[in-house]
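Descriptive structure summary
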Amino acid sequence: MSTLTAPARTITPIPTARLVHVEARKSFDTRSGFWLIASIGILATLATAAVILFAPDSEVDFEAFASAIGFPMAIVLPMVAILSVTSEWSQRTGLTSYTLVPHRGRVLRAKAIVAGIVGVVSMVLALGIGGLGNVVGSAINGTDLVWNISAQEFALIVLGNLIGMAVGFMLGVLIRNSPGAIVAYFVYSLVLPTVTLVLGETQKWFADKQAWIDFNFAQGPLFEGSVSGQQWAQLAVTGAVWLVLPLTIGIWAVLRSEVK
Amino acid sequence: MIQVENLTKKYGAFTAVDDVSFTARSGRVTGFLGPNGAGKSTTMRIMVGLTPTDSGTATIAGRSFADLPNPGLEVGVLLDASAQHAGRTGREILTVAALTMGLPKRRVDEMLDRVSLTPTEAGRRVRNYSLGMRQRLGIATALLGDPEVLILDEPANGLDPAGIRWMRDLLRGYADQGGTVLLSSHLLHEIEVIADDLVVIGQGRIVADGTKAELLASAGTLVRTRVVDDLATALTASGLNPVLSGATGGSDVLRVDADPEVVGKVAHEAGIPLVELRAADGAGLEEMFLELTSDTQREGNS
C-alpha cells in the first residue's frame, strides 16, 4: 500500500461536474443504454423517411416532420430518464455507486442533469433531421419549402419532452424497478389519458375542470404552439400534484431506503 | 481503523443487528464470522451508509462514512461481486469507478494486472464472468483507490483454492503495511487462516471477540474413548462439565473445560481406557460456531 510510504494525499470532495461525466458515461456504456440513445436518431430518421414516402404532397411541411419525429421521441426520452435511476436498483449497481458517492441526492442530481442534456441535444438533433427531411422531401415532391415551426413552438415542444422525462424520472425514484417504472410510465402517459378522455366525454363536471385536474391534458397546449396565461397556471397546478409531489416523495424514499 | 458502536437495526419485529460493537484495528486482518443470516452483511452495509441504522455509530478513522470527501480513496468496499450491470465489461466497471474517484486510466490496467484478469477477460461483459472472476473484479474495484481500509463481504466465495491463497497473501500484505482489513465469512476455516482477530456474530449479536490466539486457546481438552458414557459420569462426579464434541464429528469424543492432565487423572482413577487425550486447540470456537449454525439450519440436525 503506497499510501503509507508516499507523501500523504490531500483528498478533495468529488466535484459535481465529475459526477455528471460519470453518469453520462453510464448512460452509454452498455449495449442496451447505447442502443436506447441511438434509437432516438434512428427513429427520427425512419420517421422522416416515412413522411417523405407516404405523406400526401400537400402536407409535406416542417410540422409534418416534427410531429412524426415527436412521437417516438416522447416515448424513448422518458425511458432514458427512467433507466438512469432504476438500473442502480434493478442491476444493483447502486451498491457501488452509492458507496463511492455516499450522497444519493448528489447522484440523483447528476442523473437529472444528464437526462436534461440528453433531452435537449436529442431534440436539437431531431430538429436537424426533420429540417433536412423537409428540404429533401420538398425537392423530391416538387413542393414549396414550408418552415412552419417557430422558435417559440420548438421551445415549447422541448419543454413538453423535458416534462415527459421528468415524469419518467419521478416514476423511477418512486418505483426503483426498471420494468415496473416503464409499465407505470405507459399507464401514466397512454392509459390514463384514455380514461380521462372517456370521463371528459361522459361527465360534464369533469370536462369543465379537466385542464385543472388532468396533467396530460394540461400539457396539450405545449404541443400546439401557444400557451395562454391560464394554461400555464393549469400546467403548474396539475404539475405540482402529478409531478412535483410524487417526485418529492420518491427522492425522499431514495435518500432513506436501503441499497441491497 | 474501523470502530462500530452499539449498532442496532430492526426490520419490524426482527432484530437483524442487535447492539453490535467491535473494533477492526489497523495493521490487522479482522475476520467477521457468522452463519448465513447472522447480520454480517447488514452490519457492513450500515458501515458504508447503504442501510440506515436505528441506533449506534460506525466510524472509519474517526469519521462516519458519509463524511469522507472521496470514500473510494480511503475505504475499499466489496459487498457483493455480482451486483454489477451485466452488460458492462469488467474494464468499463473499473473505468467508471476510477473516473468517479478522479484516478488516471492507467490505474485500471494496474488493478486488472494485480487481480490477474487478462485484457481479453477484462473486455468481456460481466454477464459472462464466473463468480471467481467477479470476485477478482470486485477486489480490483476495492483496491483501485489505494485505500487504507478494506471492507470485504465474503470475498473468498467462488474463488478456487489458488485464488483463496492469492487473496490471503494479498490481504496479509495489506495489513502488514498498516492497512485495516475487515472481511466476513461463514466458514471458520477460511477465516482462521487469514485473520489475526475474530469477531463472531450470531443472530445479530456478537458472541465472541478477540485475537485468534485468545479464542483458540480457551478451549479446554478433547478426550476420546470407547466408553463415552462411563467417562462422562466419572467427569461429572469430579465436578467437571463434559460435553459431546460435535466439532470433531465423532460421537466418541468429549470436550472438557479443564487441563488434559486433570481429565487424564479422572479417567485413570475411574479405570477408563482412553484412545486420545489432547488440548482442544480451537475446538471450542468451532463448537460454538456449529451451535450458532445449527440454530439457523433448516434441517435441524444439531
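Residues numbered from 1 in each chain as written. Chains lettered and ligands numbered in written order. Predicted model: local features only at pLDDT ≥ 70, side-chain atom pairs only at ≥ 80, totals over all residues. Heavy atoms only, no water.

An unreviewed UniProt entry lists chain B under the name ABC-2 type transport system ATP-binding protein, with Nocardioides lianchengensis given as the organism. UniProt's Sequence similarities (unreviewed entry) comment on chain B is quoted here verbatim: "Belongs to the ABC transporter superfamily." (UniProt positions renumbered as here; feature names shortened; annotations may be inferred.)

The name given to chain A in an unreviewed UniProt entry is ABC-2 family transporter protein, with the source organism recorded as Nocardioides lianchengensis.

Here we come to the overall build of chain B. The helix and strand tally for chain B stands at 11 helices and 13 strands. For chain B, the spread of C-alpha atoms along the principal axes amounts to about 75 × 40 × 40 Å. Burial statistics for chain B: of 302 residues in total, 54% are counted as buried. Long-range contacts, defined as pairs at least 24 residues apart, comprise 70% of the intrachain contacts of chain B with a sequence gap of at least 6. Here chain B displays about 12800 Å² of accessible surface, and carbon together with sulfur accounts for 48% of that area. Here chain B contributes 29 positive and 39 negative side-chain charges, whose respective centroids are spaced 9 Å apart. (Helix = DSSP H or I, 4+ residues; strand = E, 2+ residues; numbered from the N terminus. Buried < 20%, exposed > 50% of the residue type's maximum accessible area, 1.4 Å probe, protein only. Contact = heavy atoms within 4.5 Å. Areas by Shrake-Rupley, 256 points an atom, 1.4 Å probe, with all protein chains shown as cover. Lys, Arg positive; Asp, Glu negative; His and termini not counted. Charge placed at Lys NZ, Arg CZ, Asp CG, Glu CD.)

With that out of the way, let us pick up helix 2 (residues 31-54) of chain A. Over its 24 residues, helix 2 of chain A runs 32 Å from end to end, which matches the ideal 34 Å to within 8%, given 1.5 Å per residue. Residue Ser39 of chain A marks the point of greatest curvature in helix 2 of chain A, where the axis turns by about 30°. (Expected span 1.5 Å × (residues − 1). Bend = angle between axes of the 7 residues up to and from the residue.)

What follows covers the packing of aromatic side chains. In this structure the tally under the stated criterion is 7 aromatic pairs over all chains. For the pair Phe34 of chain A and Trp35 of chain A, a centre-to-centre distance of 5.3 Å together with 80° between the ring planes defines the contact as edge-to-face. Taking 5.1 Å as the distance between ring centres and 40° as the angle between the ring planes, the aromatic pair formed by Phe22 of chain B and Phe32 of chain B counts as tilted. Here the residue Phe22 of chain B occupies a position in strand 2 (residues 14-24), and Phe32 of chain B occupies one in strand 3 (residues 29-33), the gap between them amounting to 10 residues. Under the relative-accessibility criterion, Phe22 of chain B is labelled buried at 3%. Judged by its relative accessible area of 0%, Phe32 of chain B falls in the buried class. The ring of Trp89 of chain A carries Arg176 of chain A above its face, with NZ or CZ at 5.3 Å from the centroid. (Phe/Tyr/Trp six-rings, centres within 6.5 Å; stacked < 30°, edge-to-face > 60°. Lys NZ or Arg CZ within 6 Å of the ring centre and 35° of its normal.)

For the rest of this paragraph, the subject is the confidence of the model for chain B. Mean pLDDT over chain B stands at 90; residues scoring 70 or higher make up 93%. Considering only residues more than four positions removed or in separate chains, one finds that residues 298-302 of chain B, a stretch of pLDDT under 50, has 1 contact. (pLDDT = per-residue confidence, 0-100.)

A few words on the interface of chain A and chain B. Listed per partner, the contact involves 37 residues of chain A and 43 residues of chain B. Remark: the boundary between chain A and chain B carries 4 salt bridges. Asp29 of chain A is the partner of Arg88 of chain B in a salt bridge, and the nearest nitrogen-oxygen pair spans 2.7 Å. Summed over the shared surface of chain A and chain B, the result is 15 residue pairs in polar contact (both at pLDDT 80 or more). Of all the secondary-structure elements, those providing two or more residues to the side of chain A that touches chain B are helix 1 (16-28), helix 2 and helix 4 (94-100) of chain A. Along the lines of polarity and charge, the residues of the side of chain A that touches chain B split into 13 nonpolar, 13 polar and 11 charged. (Salt bridge = Lys/Arg side-chain N within 4 Å of Asp/Glu carboxyl O. Polar contact = N/O pair within 3.5 Å; in protein donor to acceptor, adjacent residues only side chain to side chain. Nonpolar A, V, L, I, M, F, W, Y, C, P; charged D, E, K, R; others polar.)

All right, on to the sheet that holds strand 6 (residues 149-152) of chain B then. Residue and element names in this part refer to chain B. Spatially, 6 strands are ordered 5-6-7-3-8-9 in an open sheet, and the strand pairing comes out mixed. Of all the strands in the sheet, the pair left with one neighbour each is strand 5 (75-78) and strand 9 (205-211). Averaged over all adjacent pairs, the angle separating strand axes in this sheet is 15°, with direction ignored. Direction of pairing for strand 6 relative to strand 7 (residues 180-185): parallel, over a ladder of 4 bridges. Bridge pairing in strand 7 links Leu150 to Val181. Strands in contact with helix 1 (residues 40-47) are strand 3, strand 6, strand 7 and strand 8 (197-202); relative to strand 7, the strand with the most contacts, it is inclined by about 145°. Contacts between helix 5 (residues 131-143) and the sheet are confined to strand 5 and strand 6, with strand 5 contributing the most and set at about 160° to the helix. (Pairing = 2+ DSSP bridges. Axes fitted to C-alpha atoms, helices over the stretch in contact; angles between N-to-C directions.)

It is worth spelling out unusual backbone geometry at this point. When glycine is set aside, most residues are seen to have a negative phi, and most peptide bonds are trans. Residue and element names in this part refer to chain B. Although it is not a glycine, Glu154 adopts a positive phi angle of roughly 50°. Structurally, Glu154 is set in the loop between strand 6 and helix 6 (161-176). In the Ramachandran plot, Gln203 falls in the positive-phi region, its phi being about 45° despite a non-glycine side chain. On the secondary structure map, Gln203 appears in the loop between strand 8 and strand 9.

The next subject is a nonpolar patch on the surface. All names here are of chain A. A contiguous nonpolar surface patch, about 580 Å² in accessible area, is contributed by Phe28, Phe34, Trp35, Ile42, Leu43 and Leu46. Looking at the nonpolar patch, the element that brings in the most residues is helix 2, giving 5 residues. When you line up the elements, Leu46 lands in helix 2. Classification of Leu46 by relative accessible area gives exposed; the value is 53%. (Patch = residues over 30% accessible without salt bridge, like charges linked within 9 Å, V, L, I, M, F, W, Y side chains within 5 Å.)

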